[in-house]
Number of protein chains: 4
Amino acid sequence: MKVAVVGATGYTGAELIRLLSMHPEVTGLFLFSRGEEVEVEKHFLGLGFAGKVKPLEELSGFNPDFAFLALPHGESGRYAQELIRRGVRVIDLSADFRLPLEVYDKWYGPHPAPELLEIAVYGLSEYFCEKIKTARLIANPGCYPTAFLLAVLPLAEKDLLQGVIISDMKSGVTGAGRSAKREMLFGEVAENFRPYGVGGKHRHLPEMENFLNMFARGLRVIFTPHLVPMKRGILGTIYLNLTTDFSLEELRKIYLAKYQDKPFIKILPDGQLPETRAVYGTNNALIAVNKEPGGMVIVTVAIDNLGKGAAGQAVQNMNLMAGLDETCGLKNTGIYF
Amino acid sequence: MKVAVVGATGYTGAELIRLLSMHPEVTGLFLFSRGEEVEVEKHFLGLGFAGKVKPLEELSGFNPDFAFLALPHGESGRYAQELIRRGVRVIDLSADFRLPLEVYDKWYGPHPAPELLEIAVYGLSEYFCEKIKTARLIANPGCYPTAFLLAVLPLAEKDLLQGVIISDMKSGVTGAGRSAKREMLFGEVAENFRPYGVGGKHRHLPEMENFLNMFARGLRVIFTPHLVPMKRGILGTIYLNLTTDFSLEELRKIYLAKYQDKPFIKILPDGQLPETRAVYGTNNALIAVNKEPGGMVIVTVAIDNLGKGAAGQAVQNMNLMAGLDETCGLKNTGIYF
Amino acid sequence: MKVAVVGATGYTGAELIRLLSMHPEVTGLFLFSRGEEVEVEKHFLGLGFAGKVKPLEELSGFNPDFAFLALPHGESGRYAQELIRRGVRVIDLSADFRLPLEVYDKWYGPHPAPELLEIAVYGLSEYFCEKIKTARLIANPGCYPTAFLLAVLPLAEKDLLQGVIISDMKSGVTGAGRSAKREMLFGEVAENFRPYGVGGKHRHLPEMENFLNMFARGLRVIFTPHLVPMKRGILGTIYLNLTTDFSLEELRKIYLAKYQDKPFIKILPDGQLPETRAVYGTNNALIAVNKEPGGMVIVTVAIDNLGKGAAGQAVQNMNLMAGLDETCGLKNTGIYF
Amino acid sequence: MKVAVVGATGYTGAELIRLLSMHPEVTGLFLFSRGEEVEVEKHFLGLGFAGKVKPLEELSGFNPDFAFLALPHGESGRYAQELIRRGVRVIDLSADFRLPLEVYDKWYGPHPAPELLEIAVYGLSEYFCEKIKTARLIANPGCYPTAFLLAVLPLAEKDLLQGVIISDMKSGVTGAGRSAKREMLFGEVAENFRPYGVGGKHRHLPEMENFLNMFARGLRVIFTPHLVPMKRGILGTIYLNLTTDFSLEELRKIYLAKYQDKPFIKILPDGQLPETRAVYGTNNALIAVNKEPGGMVIVTVAIDNLGKGAAGQAVQNMNLMAGLDETCGLKNTGIYF
């Protein structure tokens, strides 16, 4: 298969390159970026792609089997239009096709390609697998919503949840992208921990609520993101109210049953908790279910924001679209120490 | 004043030394430790205390005005007994005198000095100021409970809270002490974020609940601690349900009124959020009050776990006990970059 | 091929597991460790090897094609004896077989298996390739010596060097192993940079000098290691005096020629310098050659201490011993961001 | 004394504010910056200076006793001109007045105020103390040259050195300033170690050579800077050739004698080595002298790049200029854990 990575020099782009380079079915890997060549060469010192990244303009003459768009929202939608028109199957990692039009407009502004929304399939692989297989356009989920939905949907879809769900999430810095901002300098981030977007201000909140409410009604989400002084990883601590009292053992069984044939989702046994290094560089999600004495359920979940939260899930979706095993090229990609 | 630091070579001990070295009213600073001298010399390369730390046994012949105990729980209580008997005023930074006897026994085991519990004053300076002034024995609060109580009590004491309080807290590693454990190695902690004690297992939970319920009834706390790959700092994200709907502005006014004459507590204006570096090395607590669209209140709070969460508050308490201004020696002790 | 990793729960062991899990020719991977099972399960949360690590005692009944020994020096030699006796080909990652007997005795103490020294082959893959292919016992090089020798031998073997070579090297913490030592706690290492073993005290110095002097005479090495607050990576800055003046271009040509058919060694073009993240998780070495205005040559080199500096090179050596392409299973193993 | 910090929102500016806020003789502290107010408020969340930073234009109507210039080179010189004209004593932390005109022009470009060069005094406090006392304009030394000169001059000024001095130095990121550059993002710096400016390209090299050669003739410096993933601290490893053989003990005596009445310079005893955390936040320099078996001397030195390497030394110089004890306000400013 020939695949293109469009937006190759950001963190998500680089992770796509890493994973696609190891992928046994990818025979041609083509890279495009807005960045200048010289700059790019330096980025790819390690990756061995010096000089191989082409300017975005050259994309127009090129027809891969799959194109991954790792561009800013708004811009991504425009490239998707052109590629879809040419019959290229597109996996878009921006927010452009994740939300209903009116929600998108409210949170992101005017939509760049509203006519594509109806063909876009939300790429949460474990939940929309069948639709993904035949999709022409994948809206690859955001990193926070991926962690959130994987942790919450097993109970939500059985109508076991009620009221307010508190989603307290913590992320490494690569989730914020690679553009030069003072607040993301090493001197500002190291030895510091901080919340942001407190009070319902983060743009991943409508994505969480939108897909949660496809599976259950009447649930509300409170989402607080935090910045951790590390490069990769999301850890979510999610507080849930049950409609009926279930024992911890019963709850774990629901998760185990739900994900029993999902190779990337691991439900931890009693006494173990997820940690971000355990998913570093992988497409895995680790989930632990706990109950506190008063009956509230606490689900903790760890993913790699660049893995299952972005590039990993995108490759998993490509596998599904191509009729491959969904784990193809995605096993053994992690580093733990 | 002559002061002793007992347990001088741990992180809390070292922070006590740092603060007491700068304190204008401390004329004699005496250090005791279980550690061997050679080891100690290396620890104090920077502090200039090489060779000045004496073995714990020499404490018995020494009568300072104040003794700070930075020892493990259980051990601390025994030294407190002896010192109190000799008329030394004691500020104990262990858990030994923070809890009612039956709660202590349940969470920590047999109490080393139960007869002292009735004279011990809980050293949350902003709330027990008057009792602290005349106390012979201070139970200096735990780091997590300090952050929690400062953030929650202004609303709790006015009976504005109901139901379950979720306290999702994140701490740097010095909170875990300085003994050699594999799980605290740099190679295990760096590039990692993890929860621990999920489901009501952390020993600071009964301390939070005990003192919260002195100010309000019927509240329950869910407390999830997390380990952040940084040295210092606690950031708490606390989710609260109001009994009556108050506007955000009214809520902030309650906090501002409560802490208006408390020099170390800063209520942030709209749009600003606490971050741990902003309290690095200080005795300050930064608190922001926010409301999410559905009405839940989210209070975020930052303290330095070694500062207001341990040594800083201990020195503040010494100031109160000695009749000094409570800020004496505690201004301008932070480093932000 | 069936392979065993003996000493599976340290950092080097875990990296061996990671690489061998991805290796296409490894059909059976067997793990042994001194650690207790429970402990091990936690270590392998991410690796998926919970419960699969067997106690060292069970090694005696097991005959793999290759055994990797990732044990402390002294202990490693004893296991090598037994395995060699049973016909297992051994790749020893300890220091036990790297040095002549009298040098070993001086720096490490009595040798555990001196009779094996004559069959041991030094596993610096790029220089002892032919001997490695048929070896029964590989002495896998130390991390610092690997970086040093790769950087220096191209000039040394042509007798272009004279006098003193200054090797100023900096390493991440995993080089110090995974046992619990206070000085390696996150709280001691983060936000700190320090030299150690200054003045010829590090045990990798005799290894550097021993192999350097196989290729050139009369050279002396000054080696200063430093600890960097990061997990992986070695960066060496090496200062060399030439016997004859060569232009920078001529010097680069010597390196390029020497390593032209060595897939893991990359000589950087003018204007680029190695950095450790560019080799993170890989078996690569990046080398840059520079000259300062006065004529001294400065070679900078980066490797991953767990990769080319330990487990990566060990797998490369296994490939050579097994008649495989030396890159088998070692391409695309890195993470750069 | 009234003092102004011009360029208050960079790392050096913030450290000046921290130190001057604690200084007992500073009665008025006035801050000026090119940054916008809003931005500034956020920077000073911790420092308590929100809203107090004025635009640079307002500097013209203001006559403090001392002005610290923490501005980029070129710009700094222009402000110095105006302030000196108005009788303000200036401590310039840029490179503008450190070098002879022709050297400056070569390395930095056209000089902004060449007529001031003759009145500028190089502010290496321990070596130019008498001149500093009466100076109207101080050229505060660069961070790397400060560490280098303190480590080397005791032997250089006694003509004990010959040939080439190798200065291999490592710095935390705040030395690179606070402007937003991609290469200084947390995602690029963390878990990475890299050299830069290899081969005599760093602008601190001429500063090192210029002042070294005031004390000794015929010495050449090779200087390689490296970037460490930490916020503060410089560690220098310096390799020296002696003209005569001295014992290690004799060498240490020379250092001890030289710095015996210099309160900020500490010569470490045998067996101890400097580390950057031991000078974190202080104006101290730690120096260890070692000899390797072949006779070469290795001096290791640690300073805080923002302390003795910038703001700390600047305040020390102000103390000297004001006739105060040079330690005034500079004791006990460090944090070690």
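Chain A carries the name N-acetyl-gamma-glutamyl-phosphate reductase in an unreviewed UniProt entry, which gives Carboxydothermus ferrireducens DSM 11255 as its organism. For chain A, the Pathway (unreviewed entry) comment in UniProt is given as "Amino-acid biosynthesis; L-arginine biosynthesis; N(2)-acetyl-L-ornithine from L-glutamate: step 3/4." For the record of chain A, the UniProt heading Sequence similarities (unreviewed entry) holds the text "Belongs to the NAGSA dehydrogenase family. Type 1 subfamily."

A. Highlighting the overall build of chain A. Scanning chain A from N- to C-terminus turns up 10 helices and 14 strands. Against the globule reference of 20 Å for 337 residues, chain A gives a C-alpha radius of gyration of 19 Å, in line with a compact fold. The burial tally for chain A puts 67% of its 337 residues in the buried class. In the structure as shown, chain A presents an accessible area of about 10,800 Å², 49% of it carried by carbon and sulfur atoms.

B. Quick peek at the sheet that holds strand β10 (residues 220–227) of chain B. What the seven strands build is an open sheet, ordered β9-β10-β8-β11-β14-β13-β12 (chain B); its pairing is mixed. Two strands close off the open sheet at either side, each with one partner strand: β9 (194–195) and β12 (265–267) of chain B.

C. View of the interface of chain B and chain A. Taken together, the 43 residues of chain B in the interface contact 42 residues of chain A. Summed over both partners, the interface of chain B with chain A buries about 3,500 Å², with 61% contributed by carbon and sulfur atoms. One can count six salt bridges joining chain B with chain A. With its nearest N and O atoms 2.9 Å apart, the salt bridge here joins A:Arg277 to B:Glu188. Counting every contact that joins chain B to chain A gives 26 residue pairs in polar contact (both at pLDDT 80 or more). Listed by contribution, the elements that provide at least two residues to the side of chain B that touches chain A are β8 (161–171), α7 (186–189), β9, β10, β11 (234–242), β13 (285–291) and β14 (297–303) of chain B. Element by element, the count of residues in the side of chain B that touches chain A is highest for β10(B), at four residues.

D. Fine view of empty space enclosed by the protein. On inspection of all chains with the given rule, the structure shows 17 cavities of 30 Å³ or more. In this model, the largest cavity occupies a volume close to 250 Å³. What lines the largest cavity is a set of 19 residues, and nearest its centre among them are A:Phe186, A:Pro229, B:Phe186, C:Phe186 and D:Phe186. Its residues assigned to classes, the lining of the largest cavity shows 15 nonpolar, no polar and four charged.

E. Just the interface of chain C and chain B, in detail. Counting from both sides, the interface comprises 21 residues of chain C and, opposite them, 21 residues of chain B. It is C:Arg182, C:Leu185 and C:Phe186 in chain C that bury the most area against chain B; as a group they hold 39% of the surface buried on that side. With a closest N to O distance of 2.9 Å, B:Arg178 and C:Glu188 form a salt bridge. The interface formed by chain C and chain B contains nine residue pairs in polar contact (both at pLDDT 80 or more). Residue assignment for the side of chain C that touches chain B shows that the elements contributing at least two residues are α2 (37–43) and α7 (186–189) of chain C.

F. Local environment of the relation of the copies chain B and chain A. Between chain B and chain A, which share one sequence, the superposing operator has a rotation angle of 180° and an axial displacement of 0.0 Å; the RMSD is 0.0 Å. Look at the turn and shift together and you get a two-fold axis relating the two.

G. Expanded view of the pairing of strand β5 (residues 89–92) of chain D. Both strand β4 (residues 66–69) of chain D and β5(D) contribute to a ladder of four bridges, which runs parallel. Each bridged residue has a counterpart across the sheet, and for D:Ala67 the counterpart in β5(D) is D:Val90.

H. Unusual backbone geometry, seen in detail. A positive phi angle, close to 55°, is found at A:Asn332, a residue other than glycine. Structurally, the position occupied by A:Asn332 is in the segment after α10 (307–321). In the Ramachandran plot, C:Asp159 falls in the positive-phi region, its phi being about 55° despite a non-glycine side chain. Mapped onto the secondary structure, C:Asp159 falls in the loop between α6 (143–156) and β8 (161–171).

I. A look at the domain arrangement of chain A. Residues and elements named next belong to chain A. Taken domain by domain, chain A holds domain 1 (2–118) and domain 2 (144–304). Put simply, the middle of domain 1 and the middle of domain 2, counted by C-alpha atoms, are 27 Å apart. Counting from both sides, the interface comprises 13 residues of domain 1 and, opposite them, 14 residues of domain 2. Between domain 1 and domain 2, roughly 1,200 Å² of surface is buried when both sides are summed, and carbon and sulfur atoms account for 56% of that area.

J. Seen up close, the sheet that holds strand β10 (residues 220–227) of chain A. Residue and element names in this part refer to chain A. Ordered in space as β9-β10-β8-β11-β14-β13-β12, the seven strands form an open sheet in which the pairing is mixed. Strand pairing shows two members of the sheet lacking a second neighbour, β9 (194–195) and β12 (265–267), which therefore form its edges. Lying on the sheet, helix α9 (residues 248–258) is in contact with β11 (234–242), β12, β13 (285–291) and β14 (297–303); it crosses β13 at an angle near 160°.

K. How the structure looks around the UniProt feature "active site" (unreviewed entry) in chain A. All names here are of chain A. UniProt marks Cys-143 with the feature "active site" (unreviewed entry), using the numbering shown here. Along the polypeptide, Cys-143 turns up in helix α6 (residues 143–156). With residues near it in sequence (within four places) discarded, Cys-143 still touches His-204, Ile-234, Ile-303, Asn-305 and Gly-309.

L. Region of the structure containing the environment of C:Gly10. Residues and elements named next belong to chain C. Take Gly-10: it is sitting in the loop between β1 (2–6) and α1 (11–22). Relative accessible area serves as the criterion here: at 24%, Gly-10 is assigned to the partly exposed category. In this structure the C-alpha to C-alpha distance between Gly-10 and Gly-177, which are 167 residues apart in sequence, comes to 6.7 Å.

M. Local environment of the relation of the copies chain C and chain B. Placing chain C over chain B gives an RMSD of 0.0 Å and needs a rotation angle of 180°, together with 0.0 Å of translation along the axis. Counting the interface residues of chain C, we find that 100% of their copies in chain B are interface residues as well, pointing to one common contact surface.

N. Inspection of the environment of A:Arg220 at higher detail. Positionally, A:Arg220 belongs in strand β10. Owing to a relative accessible area of 28%, A:Arg220 belongs among the partly exposed residues under this scheme. Separated by 57 residues in sequence, A:Arg220 and A:Gly163 place their C-alpha atoms 6.4 Å apart. The residues contacting A:Arg220, other than those within four sequence positions of it, are A:Gly163, A:Val164, A:Ile165, A:Glu209, B:Glu292 and B:Gly294.

O. The packing of aromatic side chains, seen in detail. Enumeration according to the criterion identifies 48 aromatic pairs over all chains in this entry. Ring geometry for B:Tyr127 against B:Tyr259: centres 6.2 Å apart, planes inclined by 85°, an arrangement best described as edge-to-face. With B:Tyr127 in the loop between β6 (120–122) and α5 (129–134) and B:Tyr259 in the loop between α9 (248–258) and β12, this residue pair connects regions lying 132 residues apart in the sequence. The exposure class of B:Tyr127 is buried, given its relative accessible area of 13%. Take B:Tyr259: its relative accessible area is 3%, and that puts it in the buried class. Here the aromatic rings of D:Tyr127 and D:Phe215 are separated by 5.6 Å at their centres, their planes lie at 80°, and the arrangement is edge-to-face. You can see D:Tyr127 sitting in the loop between β6 (120–122) and α5 (129–134) and its partner D:Phe215 sitting in helix α8 (residues 204–215), a full 88 residues away along the chain. Residue D:Phe215 is classed as partly exposed on the basis of its relative accessible area of 21%.

P. Summary view of the pattern of salt bridges. Inspection of the entire model under this criterion finds 68 salt bridges over all chains. Ionic pairing is found between A:Glu207 and A:Arg98, a salt bridge with its closest N-O pair at 3.3 Å. Linking A:Glu207 in helix α8 (residues 205–215) with A:Arg98 in the loop between β5 (89–92) and α4 (101–108), this pair joins segments that are 109 residues apart in sequence. D:Glu157 is paired through a salt bridge with D:Lys258; the nearest N and O atoms lie 3.1 Å apart.

Q. View of the side chain of B:Glu15. Residue and element names in this part refer to chain B. If you trace the backbone, Glu-15 turns up in helix α1 (residues 11–21). At 2.5 Å, the side chain of Glu-15 forms a polar contact with the side chain of Arg-232. Other than its neighbours up to four places away in sequence, Glu-15 contacts Arg-232, Gly-281, Leu-306 and Ala-311.

Reading the values: rules and limits
Residues numbered from 1 in each chain as written. Chains lettered and ligands numbered in written order. Predicted model: local features only at pLDDT ≥ 70, side-chain atom pairs only at ≥ 80, totals over all residues. Heavy atoms only, no water. UniProt positions renumbered as here; feature names shortened; annotations may be inferred. Helix = DSSP H or I, 4+ residues; strand = E, 2+ residues; numbered from the N terminus. Rg over C-alpha atoms; globule rule 2.2 N^0.38 Å. Buried < 20%, exposed > 50% of the residue type's maximum accessible area, 1.4 Å probe, protein only. Areas by Shrake-Rupley, 256 points an atom, 1.4 Å probe, with all protein chains shown as cover. Pairing = 2+ DSSP bridges. Contact = heavy atoms within 4.5 Å. Buried area = accessible area lost by both parts, 1.4 Å probe. Salt bridge = Lys/Arg side-chain N within 4 Å of Asp/Glu carboxyl O. Polar contact = N/O pair within 3.5 Å; in protein donor to acceptor, adjacent residues only side chain to side chain. 1 Å grid on protein atoms, 1.4 Å probe; cavity = no way out; pocket = protein on both sides within 12 Å on 5 of 7 lines; lining within 4 Å. Points joined across faces, edges and corners; volume = space filled by probe spheres on them. Nonpolar A, V, L, I, M, F, W, Y, C, P; charged D, E, K, R; others polar. Least-squares fit on C-alpha atoms with pLDDT ≥ 70 in both. Domains from an automatic or database assignment. Axes fitted to C-alpha atoms, helices over the stretch in contact; angles between N-to-C directions. Phe/Tyr/Trp six-rings, centres within 6.5 Å; stacked < 30°, edge-to-face > 60°.

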